[in-house]
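Now for the letters of each chain:
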Amino acid sequence: MLCGTLSNKIGNRKVIIYGAGILGTEALNVLLQLKKEILYFVDRSEVKQKQEFHKYAVKSPENILHEKESVAIVVALNKSEEVQIFLENIGLAEGIDFFIWESWIQGSTCEIGNMGNDFQGFEKILYYDKTHPGVILLGNSTTVSAFYEIKSWSDYLLELFKADGVEVNIYNGAIVGYSSLDEALKLISAGIDLKPTIVISYSGIIDFAKPSNTNNAGGGYIARGWQQNEKVMRAVCNEFGIAFMGILQPSIYTRNIDSYNLKSENEIRAWSGCKKTVNERIENLYQEAINLIQDEEQLYDMTGMFDKETDIYFGRVHTNEKGNRIIAKKIYELLMNKYQQRLLP
């Protein structure tokens, strides 16, 4: 449990966030979700120090030297090496007194739930025996079980199967930071050996927000690269007689901001924390992907599942438990509508 570990490390201490920017906004939303008390932000920018950031004061890094309270510092910067040296030089230890946000999110300083695996990177989150139908889940941190110390949609999907008495084995292969290309490689290298009945890919945001993590198939078009990776997984599954569901996941970028009344403070922060050009670029990639899969079999656009909902996101893509319940319900309904005969004895 990635941020569950971080939450325990912080304990009851108050938190100072180093970095009043996009990553600082993300860290703020998650830490508030974990019910941590935020003291203030620190930032080297003198301009930022003259104004509040999400209603919190922004102070000079030197304030840390004079902080009398027992605090934990979360460094939320893209480039944190200099800050890490500064904090270590004043006697603070990484992993105890301060934490590098990107390292924790990418899972490099702790063991993610699905990294402590039962079979080549797949966690058995529900298992009866090898005679039961198998469902493989692929995706990024939004699919990782209990990520951010709350139930993910994969956890709620498990509950729906149990509630209906549908006995299936569920193998969760989601990993923080995984793109559709990573999913395809994992499916081919290890997933097929599990002999699943159905494979579900829930992806999109990593390909669009961090294009360096995906391929540039289709003449360099990122959205087309995502589509082609999904088609590769579909083709592999079809070759082995496995059902496939490739789902284009929603994010705050699929909100119609012009007509949608942002009522959640978390969603307002997540949206305003990004540059307008970044928002527009990712919105355009989503729209291109939606258009590409309109007539594709086994590829599904679920970006509009929250259109009538409010207070769903506490980050740019991560949803609260209300949102995760909705995701699980939508996927379960689609699953049972398309493949019920394969899942029932």
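Shown above is the structure to which this text applies.
How each quantity is defined
- Residues numbered from 1 in each chain as written.
- Predicted model: local features only at pLDDT ≥ 70, side-chain atom pairs only at ≥ 80, totals over all residues.
- Heavy atoms only, no water.
- Buried < 20%, exposed > 50% of the residue type's maximum accessible area, 1.4 Å probe, protein only.
- Helix = DSSP H or I, 4+ residues; strand = E, 2+ residues; numbered from the N terminus.
- Pairing = 2+ DSSP bridges.
- Right-handed = clockwise from strand over helix to strand, strands pointing away.
- Axes fitted to C-alpha atoms, helices over the stretch in contact; angles between N-to-C directions.
- Contact = heavy atoms within 4.5 Å.
- Parallel < 35°, antiparallel > 145°, perpendicular 65-115°, else oblique.
- Left-handed = near helix turned anticlockwise from the far one by under 90°.
- Core = buried A, V, L, I, M, F, W, Y, C linked by side-chain atoms within 4.5 Å.
- Salt bridge = Lys/Arg side-chain N within 4 Å of Asp/Glu carboxyl O.
- Arc of directions from axis to C-beta.
- Phe/Tyr/Trp six-rings, centres within 6.5 Å; stacked < 30°, edge-to-face > 60°.
- Lys NZ or Arg CZ within 6 Å of the ring centre and 35° of its normal.

Engineer: Explain the pairing of strand 4 (residues 71–75) to me, and be specific about the residues and the numbers.
Structural biologist: Taking burial as the measure, the five residues of strand 4 include five buried ones, the bulk of the element. Along strand 4, one buried face is formed by V71, I73 and V75 and the opposite face, lined by A72 and V74, is buried too. Two strands pair when backbone bridges link them, and strand 1 (residues 14–18) and strand 4 are joined in this way by five bridges, in the parallel orientation. Its bridge partner lying in strand 4, I16 is registered against I73. Two elements, strand 4 and strand 5 (residues 98–100), share three bridges in a ladder whose sense is parallel. Within strand 5, the position partnered with V74 by the bridge is F99. Handedness of the β-α-β unit built from strand 4, helix 4 (residues 81–89) and strand 5 comes out right-handed.

Engineer: For the sheet that holds strand 9 (residues 198–203), give the residues involved together with the corresponding values.
Structural biologist: Note: strands within a sheet are paired through backbone hydrogen bonds, in either parallel or antiparallel orientation. Ordered by their spatial adjacency, six strands build an open sheet running 6-8-7-9-10-11, and the pairing between neighbours is mixed. Pairing within the sheet leaves two strands with one partner each, and these edge strands are strand 6 (123–126) and strand 11 (299–301). Going across the sheet, the axis of each strand differs from the next one's by a mean of 25 degrees, ignoring polarity. Here helix 6 (residues 153–163) sits on the sheet in contact with strand 6, strand 7 (134–139), strand 8 (169–172) and strand 9, set at roughly 45 degrees to strand 6.

Engineer: Kindly report on the environment of I22, identifying the contributing residues and their values.
Structural biologist: Inspection of the secondary structure assignment puts I22 in helix 2 (residues 22–33). Given the relative accessible area of 28%, I22 is considered partly exposed.

Engineer: An account of the packing of helix 7 (residues 180–189) against helix 9 (residues 222–239) is needed here, citing residue identities and associated values.
Structural biologist: Relative to each other, helix 7 and helix 9 sit at 15 degrees, their axes nearing to 8 Å. Considered as vectors, helix 7 and helix 9 are oriented roughly parallel to each other. For the pair helix 7 and helix 9, the crossing hand works out as left-handed. Note on element contacts: helix 9 touches helix 7 through W226, N229, E230, V232, M233, V236 and C237, opposite S180, L181, E183, A184, L187 and I188.

Engineer: Before we move on, can you summarise the nonpolar core with the specific residues and values?
Structural biologist: Residues W153, F161, I200, F208, M245, I331 and L343 are the most contacted members of the largest nonpolar core, which totals 67 residues. Apart from the residues lying within four places of it in its own chain, the contact partners of M245 are V199, I200, S201, Q298, Y300, I331, L334, L335 and Y339. Counting 29 residues, the second largest nonpolar core, distinct from the first, contains L34, I38, W104 and F314.

Engineer: So what about the sheet that holds strand 3 (residues 58–59)? Which residues, and what values?
Structural biologist: With parallel pairing, the five strands of this open sheet are ordered in space as 3-2-1-4-5. Both outer strands of the open sheet, strand 3 and strand 5, are each paired with one neighbouring strand and no more. One ladder, built from four bridges, connects strand 1 with strand 2 (residues 38–42); its direction is parallel. Opposite Y18, over in strand 2, you have V42 as the bridge partner. Against the sheet, helix 4 engages strand 1, strand 4 and strand 5, with an angle of about 165 degrees to strand 5.

Engineer: Which residues make up the pattern of salt bridges, and what values do they have?
Structural biologist: If you walk through the whole model with that rule in mind, you get eight salt bridges. In this structure, the salt-bridge partner of R44 is E82, at a minimum N-O distance of 3.0 Å. Taken together, the residues span a long stretch of sequence, with R44 in the loop between strand 2 and helix 3 (46–49) and E82 in helix 4 at a distance of 38 residues. Each member of the pair, R44 as well as E82, carries the same accessibility label: exposed. The closest approach of N and O atoms between E296 and K231, which form a salt bridge, is 3.6 Å. Of this pair, E296 sits in the loop between helix 11 (276–292) and strand 11 while K231 sits in helix 9, placing them 65 residues apart in sequence. Among the charged side chains, a network of salt bridges with common partners joins K231, R234 and E296.

Engineer: Requested: an account of helix 7, with residues and values cited.
Structural biologist: Considered for burial, the residues of helix 7 that qualify are S180, E183, A184, K186 and L187. All buried residues of helix 7 project into a common sector of 165 degrees when viewed along the axis, lining one side. Exposed and oriented more than 90 degrees from the buried face of helix 7 are L185 and S189. Along its buried surface, helix 7 packs onto strand 7, strand 9, helix 8 (205–209) and helix 9.

Engineer: Could you give an account of the packing of aromatic side chains, with specific residues and numbers?
Structural biologist: Scanning the model with the defined rule gives eight aromatic pairs in all. When the centroid spacing of 5.2 Å and the interplanar angle of 55 degrees are considered together, the rings of W153 and Y202 count as tilted. Of the two residues, W153 is situated in helix 6 and Y202 in strand 9; the sequence distance between them amounts to 49 residues. We classify W153 as buried; its relative accessible area is 0%. With relative accessibility at 2%, the residue Y202 sits in the buried group. Arranged with centres 6.4 Å apart and planes meeting at 65 degrees, the rings of F208 and W226 form a pair that is edge-to-face. In this pair, F208 sits in helix 8 while W226 sits in helix 9, placing the two residues 18 residues apart along the sequence. Each member of the pair, F208 as well as W226, is classed as buried. An aromatic cluster of at least three residues, connected via ring pairs, comprises F41, F53 and Y56. Here the guanidinium or amino end of K59 rests over the ring plane of Y40, the centre of that ring lying 4.2 Å away. Geometry around Y127 places K124 over its ring, the cationic atom sitting 4.4 Å from the centre.

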